[in-house]
Every structure is written in structure tokens, then in C-alpha cells.
Amino acid sequence: MASMDQTVLQFAATSARVHPLVIFNICDFYVRRPDGADRVIGTLLGSVLPDGTVDIRNSYAVPHSESQDQVALDIDYHHNMLSSHQKVNPKEVIVGWFSTGFGVTGGSALIHEFYSRETSNPIHLTVDTGFQNGEASIKGFVSVHLSLGDQQLAAQFQEIPLDLRMVEAERVGFDVLKSTAVEKLPNDLEGMEASMERLLALIDDVYKYVDDVVEGRLPQDNRTGRFIADTVAAIPKLSPQAFDKLVNDGLQDQLLLLYLASLTRTQLSFAEKLNTAAQIL
């Protein structure tokens, strides 16, 4: 008896990590979109981590025109931008593409087919800049191939989990950019102060959690306990004097950099004034 054909679903990427710079870029592209354009489309850059997670770190918009059943991308512009980006950071490669709007649209399959030729298993990231649900919904999709035996029937988009994570340096900038009005950008010392305040707040939360578990107000969680123990064990054993010296040395380095930057700005301003005076005379 001949074996029956089976329907097979195939997709590779299981999760993606998105850095805040990518979201800010996409929102900025949407604000600066051409007149009459309903959405913006662009390329996602990043890398694939050893565990298979796609790390999305950068993006750029690609001009396009679309109708009800057709989408045309400026491929030359896309390749020029990719070449420029890789001159700065050759480790960043194409990992997918993005579009603004709520979820997948009718023309998404055509664009995804193009990016499938640029890289294997691209990720489609959507950012809802219209706040249809009261917030900027961010979703990630991969293409799932539906095949019957050796014949491919169709493709559909399968949503994957996204990890919107940022490092401490990105968090300082994020706290500034998320505000509607900012008088000035924080300097290095202000950024360090904000990071230390946030660190102290997290330590207080850990202290409170441990006390609640010891007193029986919260149930024990072995996984959380092991994580706290590993975190404490990772901290180097330093005496208070050595720690103070380490912090003071770092602070002095920061002050020296600020002084050199200020001195450089003064010299450039002085040279510009001398040049202007020489031209007048």
C-alpha cells in the first residue's frame, strides 16, 4: 500500500530580541514618511545568536509604492543602504523586515518573498503606530510553509515571541527619549547617577522579597532563589576601601574626559573666531 502524503509545517526562528533603537527608528521613519503614504517598510539588521534567537539591533526604511495587489520596493536604495551600514558594522546582516500597521496585511507575502531571497527565514516585525488598542502593539512573524508531500501549497505567517530588552546604557537614553519634552540630554555623570539609583531600587526589592519569604509572607520559589544566589556569587569580593578606590578612579576618568571634551570645544571655537577675523582683515 502506497504511503500517504503528509502536510508539513516548516519554520526556523522561534524567538527574537528587539533593541529599543529599532522601535525608535521605526517610529521616526513613520513620522517622516512621504505625504500620502499609509505606512513605512524597511529592513531589519542584526545577527543570529547561538541559541537560535534573532537579535535585531538596527533598521532602515526602504522607499516603496503599493496598490491593492502590488508592492514595489526601491531595491537599489535597499542595497546601497545595506552596503553603507556594513561598512560601519560588518557583523550586522539582514535578519528580516518591518512595516508599520496592525498585524499582517495583504501585500506582506510579496515583500516577505523578496526578503526571503535576501536571507533565509526572515522575520517580519510589525509596529502599530496608530495605537489601535491604546498602545503601540509590536509583533513578530515568520513564514510557515504549508506543503503536501514535495509540493508547496501556500505560506502563512506564524507569530513568534519577542523579547523587548535593553542594556543599562540603552535604558538611560530610553528614559530621555520616551518623555514628550526634554530640556537637555543627561551627561555621563547624570546617567551614572540614574543607573545607581535604579540599582539601589532593585536591591531594595530583592531585600524585601527575601524578607517576605523568610517570614512566610510569600511562598518559596527555588528558581528565584537560585537566581539570586548565582547573582550574589558573581559579585567580586572587594573590601569597602578597594570598592571606593575603584569608583573614585572611574569617576576621575569620567571627569577627565569631560574636561578634555570641553577643552577641545574651546579650541575649536577659538580657531573658528581667529579664522573669521583673518578673513575680515
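Reading the values: rules and limits
- Residues numbered from 1 in each chain as written.
- Predicted model: local features only at pLDDT ≥ 70, side-chain atom pairs only at ≥ 80, totals over all residues.
- Heavy atoms only, no water.
- Phe/Tyr/Trp six-rings, centres within 6.5 Å; stacked < 30°, edge-to-face > 60°.
- Helix = DSSP H or I, 4+ residues; strand = E, 2+ residues; numbered from the N terminus.
- Lys NZ or Arg CZ within 6 Å of the ring centre and 35° of its normal.
- Buried < 20%, exposed > 50% of the residue type's maximum accessible area, 1.4 Å probe, protein only.
- Contact = heavy atoms within 4.5 Å.
- Expected span 1.5 Å × (residues − 1).
- Salt bridge = Lys/Arg side-chain N within 4 Å of Asp/Glu carboxyl O.
- Arc of directions from axis to C-beta.
- Pairing = 2+ DSSP bridges.
- Core = buried A, V, L, I, M, F, W, Y, C linked by side-chain atoms within 4.5 Å.
- Patch = residues over 30% accessible without salt bridge, like charges linked within 9 Å, V, L, I, M, F, W, Y side chains within 5 Å.
- Areas by Shrake-Rupley, 256 points an atom, 1.4 Å probe, with all protein chains shown as cover.
- pLDDT = per-residue confidence, 0-100.
- Axes fitted to C-alpha atoms, helices over the stretch in contact; angles between N-to-C directions.
- Parallel < 35°, antiparallel > 145°, perpendicular 65-115°, else oblique.
- Left-handed = near helix turned anticlockwise from the far one by under 90°.

> Got a minute to help me understand the packing of aromatic side chains in this structure?
Remark: the centre distance and the inter-plane angle together describe each pair of aromatic rings, the angle taken between the planes. Tallied over the full model, the rule gives three aromatic pairs. Between Trp97 and Tyr115, the aromatic rings sit 6.1 Å apart at their centres with planes inclined by 10°, giving stacked as the arrangement. Within this pair, whereas Trp97 is found in strand S7 (residues 93–100), its partner Tyr115 is found in helix H3 (residues 108–118), the two being separated by 18 residues in sequence. Site record: aromatic cluster; members linked through ring pairs are Trp97, Phe114 and Tyr115. The ring centre of Tyr30 lies 4.0 Å from the NZ or CZ of Arg33, which sits over that ring.

> Would you take a moment to explain the environment of His64 for this structure?
On the secondary structure map, His64 appears in strand S5 (residues 64–66). Its relative accessible area of 24% is what places His64 among the partly exposed residues. Distance from His64 to Val40, taken between C-alpha atoms, is 8.0 Å for residues 24 residues apart in sequence. Non-local contacts of His64, meaning those with residues more than four positions away in its chain, are made with Arg39, Val40, Ile41, Ala72 and Leu73.

> Explain helix H1 (residues 20–31) to me, please; I cannot follow it from the model alone.
Every α-helical turn comprises 3.6 residues, leaving residues that sit three or four positions apart pointing alike. Counted at 1.5 Å a residue, the expected span for H1 with its 12 residues is 16 Å, and the 17 Å between its end C-alpha atoms agrees. Among all positions in H1, only Pro20, Val22, Ile23, Asn25, Ile26, Phe29 and Tyr30 are buried.

> Would you explain the pattern of salt bridges in this entry?
A side chain with one charge can pair with a side chain of the opposite charge if their charged atoms come near. Evaluated as defined, the whole model comprises seven salt bridges. Across the pair Arg17 and Asp55 runs a salt bridge whose closest N-O atoms are separated by 3.3 Å. Of the two residues, Arg17 sits in strand S2 (residues 16–18) while Asp55 sits in strand S4 (residues 54–61), which places them 38 residues apart along the sequence. Taking relative accessible area as the criterion, Arg17 reaches 21% and is therefore assigned partly exposed.

> How do you make sense of helix H2 (residues 75–88) when you look at a structure like this?
Over its 14 residues, H2 extends 20 Å from the first C-alpha to the last, a length consistent with the 20 Å expected when each residue adds 1.5 Å. All of the buried residues in H2 are His78, Leu82 and His85. Along the axis of H2, the buried residues cluster in a sector spanning 65°; they form a single face. Away from its buried face, by an angle of more than 90 degrees, H2 presents the exposed residues Asp76, Asn80 and Lys87.

> What am I meant to see in the pairing of S4 here?
Here S4 lies mainly inside the structure; six of its eight residues are buried. In terms of strand pairing, strand S3 (residues 41–48) meets S4 through seven bridges, oriented antiparallel. Its bridge partner lying in S4, Ser47 is registered against Asp55. Counting the residues in the hairpin turn of S3 and S4 gives five residues, including Gly52, whose phi is positive at 95°.

> Help me understand the nonpolar core in this model?
When a protein is soluble and globular, its nonpolar side chains tend to lie buried together. In this structure, Val22, Leu44, Ile56, Phe98, Ile123 and Leu125 are the most contacted members of the largest nonpolar core, which totals 18 residues. Of all the secondary-structure elements, those providing two or more residues to this core are S2, H1, S4, S7 and strand S8 (123–127). Broken down by element, this core gets its largest block of residues, five residues, from H1. Listed in part, the 11 residues of the second largest apolar core include Tyr60, Leu82, Trp97 and Phe114.

> Help me understand a nonpolar patch on the surface in this model?
Together, Met192, Met196, Leu199, Leu200, Ile203 and Tyr207 line one region of the surface with nonpolar side chains, adding up to about 570 Å² of accessible area. Along the polypeptide, Leu199 turns up in helix H5 (residues 188–214).

> How do you make sense of the confidence of the model for the protein chain when you look at a structure like this?
Interpretation of the predicted coordinates at a detailed level should be avoided for regions scoring low in pLDDT. Of the residues in the protein chain, 80% reach a pLDDT of 70 or more, and the chain-wide mean stands at 79. Within the model, pLDDT remains below 50 along residues 1–12, and this stretch shows 22 contacts once partners closer than five positions in the same chain are excluded.

> Please clarify how the packing of H2 against H3 should be interpreted in this entry.
For any two helices packed against each other, one specifies the crossing angle of their axes together with the interaxial distance. Running from N to C, H2 and H3 point in directions that differ by 40°, and their axes come no closer than 14 Å. With respect to each other, H2 and H3 are oriented oblique. Classified by chirality, the crossing of H3 by H2 is right-handed. Between H2 and H3, the residues in contact are Ile75, His78 and His79 and Phe114, Tyr115 and Glu118, respectively.

> Got a minute to help me understand the pairing of S8 in this structure?
When a strand is regular, its side chains alternate between the sheet's two faces. Across the five residues that make up S8, a large majority, five, are buried. Alternating residues of S8 divide into Ile123, Leu125 and Val127 and His124 and Thr126, and every residue in both groups is buried. As judged from the five bridges shared by S7 and S8, these two strands associate in the parallel manner. Bridged to Thr100 within S8 is Val127.

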